[in-house]
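Below, each chain spelled out in residue letters.
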Amino acid sequence: MANLALRKLVQTYDKVTVLHGIDLEIGDGEFVVLVGPSGCGKSTTLRLIAGLEEATSGDIEIGGRVVNHLEPKERDIAMVFQNYAIYPHMTVRRNIGFGLRSSTLSRPEKDARIEEVAKILDMQDLLARKPSQLSGGQRQRVAIGRAMVRDPAVFLFDEPLSNLDAQLRTQMRLEIKKLHQRVGTTIVFVTHDQVEAMTMADRIVIMKDGVIQQVGTPAEVYHAPANTFVATFIGAPSMNMLPAVGTDEGIRLASGQEVALERGPGAGRGVTLGVRPDDLHEGKGVPILGGTVAVREPLGPETLIYVDVDGSEVIAKADGRVPPEVGARVELCARPEDLHVFDATTGEAI
Amino acid sequence: MYRNLSIRQKQIVWAWAFLAVPVLFYSVIRFYPTGNAILISFQDWNLLGKRTWTGWENYIKLVNDPVFWKVFKNTFVYLILGTPISLVISFVIAYHLDKLRFMHGFLRMLYFLPFMTSAVAMAWVWRWFYQPVPIGLFNNLLASVGIPQIAFLNSTTNALPSVLAPAVWAGLGFQIIIFMAGLRAIPRSYYEAARIDGVSNWTVLWEITIPLLRSTIVFIVVFSSIGFLRIFDHVFNMTTNNPGGPLNATKPLVLMIYESAFTNYDMGYAAAQTVVLFLILLAVSLLQLYLLRDSK
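- The name an unreviewed UniProt entry assigns to chain B is Carbohydrate ABC transporter membrane protein 1 (CUT1 family), from the organism Aliiruegeria haliotis.
- Its UniProt record, at the heading Sequence similarities (unreviewed entry), says of chain B: "Belongs to the binding-protein-dependent transport system permease family."
- In its Subcellular location (unreviewed entry) section, the UniProt record describing chain B reads: "Cell membrane".

- Per an unreviewed UniProt entry, the recorded name for chain A is Carbohydrate ABC transporter ATP-binding protein (CUT1 family), and the organism is Aliiruegeria haliotis.
- Of chain A, the UniProt comment under Sequence similarities (unreviewed entry) reads exactly: "Belongs to the ABC transporter superfamily."

Structural data, given as structure tokens:
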């Protein structure tokens, strides 16, 4: 087990810079998820930590030791790949044991380790099988087993759940989280799925275009997004973004609706008001806007309503049993603490 | 009438419409001559005269013919030397070429070029290489460093390997391309996972790359074995003065068939040899498929 630090990490391929100085401290035993759209540099960051690629500049520290020029095997890490990278011609036992090929343990010690890992992952009776005889979730477990058997200081996961179907993904998500609670090893997990990030992480690192946008607990990034990118990326459906102007008391929306705020952006400043569909309802709180219901999406416990407001569309939540009719006029309100104000030009939270 | 057929029947009609041409082609160009050859192997025929039934006589003659046994042995020497040598060389080249970025396309083209070259032209160029001083390239090189001359094509021991070398070389390009395609099909993450596990390159080669190339290797082994068992043009063109010589040292089965048929006009005897060759090809191919079958 070890902490992990990235300092001013820059990666450039043929004059294209994909990482612009990544600084990140990960504590011992922490579960950190790197999340962002494709091309944001999250996988590159992981590959740099693993040592599969060498950084153009910057330092990587694992357990207080700078590992920039060390081979992957010397870094005391293990990695689980998106396509599992388990060998189709080897049995599960040999696949898991492959992680121990270079270790100095004796034969019986290695066997004991393999058995132990198989027990933790509940697949003792699968050891003699070939990967082709396993289901997707079982293959995933073999890949995790191969990483675990080496007892590394840091686990790296590169989108390990994206090849699984939705139900299995939810299940494996839980299993990995449980595993982390049991073994307590530091984990860096890469995904493009914000739900995975929210549900699993101790801390989330949101990246875009090779720059970290925000680092925080799931609650922090959800309730206090640092900028419009984080605000729209985290949470589904996406946060509504409404153009507005600062006034003496608060802000004025494009529709002319005035919204009083405790800490206003200052008169005349161009801003964006962000409000999550979950926080936007009929009735309670500060009135934000009114419009006609264009489409309804019943989800069971609640109904998403797409409200047409002066030509733009806003998503809000309505009651699951008696939602407003399509074409009906609704007045939408939100609590003041659920309103997010961003600068219109920089996108930064105010 | 066509209108009243069910969808399934219409599909069958169309399938047969397209299959008719290859079926006809195979019947006329492949199956009929094959059957005919088997028939002729039990007859006596000089190509122009009447065919007369002789039963097993051609086969008995074959078994008692010392030249046939010499040729039989030569054919297997071509196979046993040629297949593994070309397999190893082409794998080594493909393995390294796959890792190379610089001039990759150009080098691949260089290796593929001999495969596209006519065997006749190639055989004659190699024949020139093998000539004694002052003509031959190899002997000139040897002479310049003071090593005695080697009688490449005129020695009964050296001639077969000398003929085999250009045949191996000619087939390399094709095998390299197939190997490279096989190497490309192995996911990169397999190698990355192995790097993280810290195993040696040697282990990666033997435990990951080669086992995953199994189907590629089966294909190349079967394909090149059939090629070496049917070797003819290289031998014929490199030993034209005395085809298959010296003293039948390089003569393969196909060349013996050719001579029996078109030098001696003994069609029945030639046909009996083709039947034997066919059985050998069949047995070798089945044996290889069995030995290299997927263990899954």
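The rest of the description comes next.
**What to know about the environment of A:K42**
Residue and element names in this part refer to chain A.
- Assignment of secondary structure puts K42 in helix α1 (residues 42-50).
- Among the residues examined, K42 registers 29 C-beta atoms within 10 Å and is labelled buried.
- Separated by 116 residues in sequence, K42 and D158 have C-alpha atoms that sit 9.0 Å apart.
- Each residue touching K42, except ones within four places of it in the same chain, is listed here: L34, V35, G36, V190 and M207.

**Examining the sheet that holds strand β17 (residues 302-309) of chain A**
Residues and elements named next belong to chain A.
- Pairing is antiparallel across the open sheet formed by five strands, whose spatial order is β15-β19-β16-β17-β18. Because the sheet does not close on itself, it has two edges, and the strands there are β15 (281-282) and β18 (312-319).
- In the sheet, β15 pairs with strand β19 (residues 329-334) via two bridges, with the strands oriented antiparallel. Residue pairing for β19: H281 is matched across the bridge by C333.

**Here we look at the UniProt feature "domain: ABC transporter" (unreviewed entry) in chain A**
- In this numbering, the UniProt entry assigns the feature "domain: ABC transporter" (unreviewed entry) to residues 4-234 of chain A.
- Structurally, residues 4-234 of chain A comprises 35% helix and 26% strand, and the distance from its first C-alpha atom to its last is 25 Å.

**Description of the packing of helix α1 (residues 7-40) of chain B against helix α13 (residues 267-291) of chain B**
Residue and element names in this part refer to chain B.
- Remark: α1 packs on α13, axes separated minimally by 7 Å, with the N-to-C direction vectors making an angle of 120°. Like other packed secondary-structure pairs, α1 and α13 cross with a definite hand, here left-handed. In contact with A37, I38 and I40 of α1, α13 contributes M267, G268, A271, T274 and V275.
- Residues of the contact of α1 with α13, tallied by class, amount to six nonpolar, two polar and no charged.

**Topic: the interface of chain B and chain A**
- With 15 residues of chain B at the contact, the number on the chain A side is 18 residues.
- Among the secondary structure elements, those contributing two or more residues to the side of chain B that touches chain A are α8 (188-197) and α9 (201-212) of chain B.
- Among the elements that make up the side of chain B that touches chain A, the one with the highest residue count is α8(B) (seven residues).
- Residue composition of the side of chain B that touches chain A, by class: eight nonpolar, three polar and four charged.

**Topic: the UniProt feature "domain: ABC transmembrane type-1" (unreviewed entry) in chain B**
- Within this numbering scheme, the UniProt entry marks residues 72-288 of chain B as carrying the feature "domain: ABC transmembrane type-1" (unreviewed entry).
- For residues 72-288 of chain B, helix accounts for 75% and strand for 0%, while the C-alpha atoms at its two ends are 19 Å apart.

**So, the nonpolar core**
- In this structure, A:V33, A:I49, A:I77, A:M79, A:A143, A:L156 and A:V188 are the most contacted members of the largest nonpolar core, which totals 95 residues.
- Among the domains, domain 1 (4-226) and domain 2 (240-343) of chain A are the pair contributing at least three residues each to this core.
- When near neighbours in sequence (up to four residues on either side) are disregarded, A:V188 contacts A:L4, A:I26, A:V32, A:L34, A:L46, A:I49, A:V154 and A:L156.
- Counting 40 residues, the second-largest nonpolar core is a separate cluster that includes B:F91, B:A94, B:L172 and B:F179.

**Some words on the sheet that holds strand β8 (residues 186-191) of chain A**
Residue and element names in this part refer to chain A.
- Judged by pairing direction, the sheet is mixed, and its six strands sit side by side in the order β6-β7-β8-β3-β9-β10 without closing on themselves. The open sheet terminates on both sides in strands that have one partner only, identified here as β6 (77-80) and β10 (211-216). Strand-to-strand twist of the sheet, defined as the mean angle between neighbouring strand axes without regard to direction, takes the value 20°.
- Taken together, the five bridges between strand β7 (residues 154-158) and β8 define a ladder with parallel strand orientation. Note on β8: the bridge partner recorded for F155 is I187.

**So, the domain arrangement of chain A**
- In terms of domains, chain A is made up of domain 1 (4-226) and domain 2 (240-343).
- Averaged C-alpha coordinates put domain 1 of chain A and domain 2 of chain A at centres separated by 39 Å.

**Digging into the UniProt feature "transmembrane region" (unreviewed entry) in chain B**
All names here are of chain B.
- Per the UniProt record, "transmembrane region" (unreviewed entry) is annotated on residues 12-32, 76-97, 109-129, 163-183, 204-232 and 270-292.
- Helix makes up 100% of residues 76-97 and strand 0%, with an end-to-end C-alpha separation of 31 Å.
- Within residues 109-129, the helical portion is 90% and the strand portion 0%, while the C-alpha atoms at the span's ends are 23 Å from each other.

**A few points about α1(B)**
All names here are of chain B.
- Taking 1.5 Å per residue, 34 residues should reach 50 Å; α1 reaches 46 Å between its end C-alpha atoms and fits that length.
- At L19, α1 shows its strongest bend, of approximately 40°, with the proline P22 following within four residues.
- In terms of burial, α1 is largely open, as just one of its 34 residues are buried.

Reading the values: the criteria
Residues numbered from 1 in each chain as written. Chains lettered and ligands numbered in written order. Predicted model: local features only at pLDDT ≥ 70, side-chain atom pairs only at ≥ 80, totals over all residues. UniProt positions renumbered as here; feature names shortened; annotations may be inferred. Helix = DSSP H or I, 4+ residues; strand = E, 2+ residues; numbered from the N terminus. Buried ≥ 20, exposed ≤ 12 C-beta atoms within 10 Å, placed from the backbone. Contact = placed C-beta atoms within 7 Å. Pairing = 2+ DSSP bridges. Axes fitted to C-alpha atoms, helices over the stretch in contact; angles between N-to-C directions. Left-handed = near helix turned anticlockwise from the far one by under 90°. Nonpolar A, V, L, I, M, F, W, Y, C, P; charged D, E, K, R; others polar. Core = buried A, V, L, I, M, F, W, Y, C linked by C-beta atoms within 7 Å. Domains from an automatic or database assignment. Expected span 1.5 Å × (residues − 1). Bend = angle between axes of the 7 residues up to and from the residue.

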